[in-house]
Amino acid sequence: MKKALRYGWLILVLLFIYVPILVLAVYSFTEATTVGGSTGGFSFKNYVNLFADDEMRGMIFGTVALALICAAISTALATFGAIGAFYSKRVTKSLINNFNQIPVVNADIVTGFSICILLIVIMRVDKNSFIPLGLGHVVLTAPFVYLSILPKLKQMDNSLYEAALDLGATPAQALFKVVLPQLIPGIASGFMLAVTLSLDDYFVTTYTKPSTFDTISTYVVNATRGSQTETKTALWALSTLIFVLVIIFVAAMNIVSVRKRRSA
């Protein structure tokens with residue numbers, strides 16, 4: 001009975017999470033203008049409209065480019081920050097860890113508004129330079145990358161770095177040839193988490209982006225307020241593509257992980 005209840009609860013949670021996405025995916029392959037309305041038959045119209053619209057293509061490319069660049073910067077900063085904190089004294093390490101928690105638990109709207117006031121209002125940085133937007137995404141994502149790398153550092157033997165130095169390696173060689181290779185899984189997961197957070201962010205982007213630039217999140221919000229039906233339904237196709245790409249990536253990561261465990 002307990003086993004049935006446990007699996008029943010798990011199935012219920014999974015249905016609650018994935019059924020709305022699957023419904024949206026089904027409607028993206030129809031000629032329907034509203035979810036829940038008449039489907040109008042099978043059609044690739046939404047996918048054609050998605051890639052035929054120059055504005056949408058530019059928005060998607062800009063969002064992905066922003067996410068990759070900011071994720072790379074965040075990953076580099078968080079990686080060396082985590083290594084520095086890990087090899088610091090206990091008090092310094094505790095302070096860095098506690099300060100890193102603040103952006104994680106802080107609301108995105110507070111982070112976005114604060115960055116807007118500091119860079120745009122006080123320091124007079126032009127929004128059109130993309131500097132406020134880029135820094136905002138780095139501030140948003142770097143703490144999460146730090147948290148992804150820290151467990152890998154804790155699993156690592158503390159004496160490896162010192163042993164490399166004793167064997168004649170320079171500090172740089174010990175860092176890049178001994179420490180960093182063991183952190184690659186955490187760095188990769190942190191990078192992908194940063195990309196996801198950047199793609200998904202709305203509040204920080206809204207406060208810091210140039211007026212002529214839109215990411216997927218801001219574009220979707222603005223499109224749902226408008227009356228262009230073709231734009232709204234094309235976004236169903238975009239959501240479906242993102243969901244499918246995530247499934248492919250997760251499946252590929254799991255397959256690679258299983259193969260590595262078997263080979264080991």
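Above this text you will find the structure in question.
Rules behind the numbers
Residues numbered from 1 in each chain as written. Predicted model: local features only at pLDDT ≥ 70, side-chain atom pairs only at ≥ 80, totals over all residues. Heavy atoms only, no water. Helix = DSSP H or I, 4+ residues; strand = E, 2+ residues; numbered from the N terminus. Buried < 20%, exposed > 50% of the residue type's maximum accessible area, 1.4 Å probe, protein only. Contact = heavy atoms within 4.5 Å. Areas by Shrake-Rupley, 256 points an atom, 1.4 Å probe, with all protein chains shown as cover. Lys, Arg positive; Asp, Glu negative; His and termini not counted. Charge placed at Lys NZ, Arg CZ, Asp CG, Glu CD. Arc of directions from axis to C-beta. Salt bridge = Lys/Arg side-chain N within 4 Å of Asp/Glu carboxyl O. Phe/Tyr/Trp six-rings, centres within 6.5 Å; stacked < 30°, edge-to-face > 60°. Disulfide = S-S within 2.5 Å. 1 Å grid on protein atoms, 1.4 Å probe; cavity = no way out; pocket = protein on both sides within 12 Å on 5 of 7 lines; lining within 4 Å. Points joined across faces, edges and corners; volume = space filled by probe spheres on them. Nonpolar A, V, L, I, M, F, W, Y, C, P; charged D, E, K, R; others polar.

Moving on, we come to the overall build of the protein chain. Each helix and strand counted, the protein chain has eleven helices and zero strands in total. Scanning the protein chain from its N terminus toward the C terminus, one meets helices and strands in the order α-α-α-α-α-α-α-α-α-α-α. With respect to the three principal axes, the spread of C-alpha positions in the protein chain is 70 × 60 × 35 Å. Per-residue burial for the protein chain yields a buried fraction of 33% across its 264 residues. The long-range share in the protein chain, meaning contacts at least 24 apart out of those at least 6 apart in sequence, stands at 69%. About 16,100 Å² of surface is accessible on the protein chain, with carbon and sulfur atoms providing 69% of the total. Between the mean site of the 20 positive side-chain charges and the mean site of the 13 negative ones, the protein chain shows a separation of 13 Å.

What follows covers helix α2 (residues 45-52). What α2 keeps buried is the set Asn46, Tyr47 and Leu50. Seen along its axis, α2 keeps its buried residues to an arc of 100°; they face one direction. With respect to the buried face of α2, the exposed residues turned more than 90 degrees away are Val48 and Ala52.

The next point concerns the pattern of salt bridges. As enumerated under the stated definition, the model contains two salt bridges in all. With a shortest N-O distance of 2.4 Å, Asp54 and Arg57 are connected by a salt bridge. Remark: Arg57 and Asp54 occur in helix α3 (residues 54-86); sequence separation between them is three residues, near one turn of the helix. Its relative accessible area of 38% is what places Arg57 among the partly exposed residues.

Per the stated rule, a full pass over the model turns up 13 aromatic pairs. Ring centres of Phe80 and Phe176 lie 6.3 Å apart, and the angle between their planes is 65°; this geometry places the pair in the edge-to-face category. Taken together, the positions of Phe80 in helix α3 and Phe176 in helix α8 (residues 171-200) put the pair 96 residues apart, joining distant regions of the chain. The exposure class assigned to Phe80 is partly exposed, which follows from its relative accessible area of 41%. On the accessibility criterion, Phe176 (49% relative accessible area) is partly exposed. Following the ring pairs from residue to residue traces out a cluster consisting of Phe29, Phe42, Phe44 and Tyr47.

The next subject is the state of the cysteines. The full count for this structure, using the stated rule, is zero disulfides. The thiol sulfur of Cys116 is not disulfide-bonded, and the nearest other cysteine sulfur, from Cys70, lies at 17 Å.

This paragraph deals with the layout of surface pockets. To find leftover empty space, one rolls a probe the size of a water molecule over the atoms. Considering only enclosed or pocket space, the largest pocket measures out at about 730 Å³ in volume. Residue lining of the largest pocket: 23 residues in total, with Val195, Leu199, Ile242, Leu245 and Val246 positioned closest to the centre. Listed by contribution, the elements that provide at least two residues to the lining of the largest pocket are α3, α8, α10 (216-225) and α11 (229-263). In terms of residues, the lining of the largest pocket owes the most to one element, α8, which gives eight residues. Grouping the amino acids of the lining of the largest pocket by side-chain chemistry returns 19 nonpolar, three polar and one charged.

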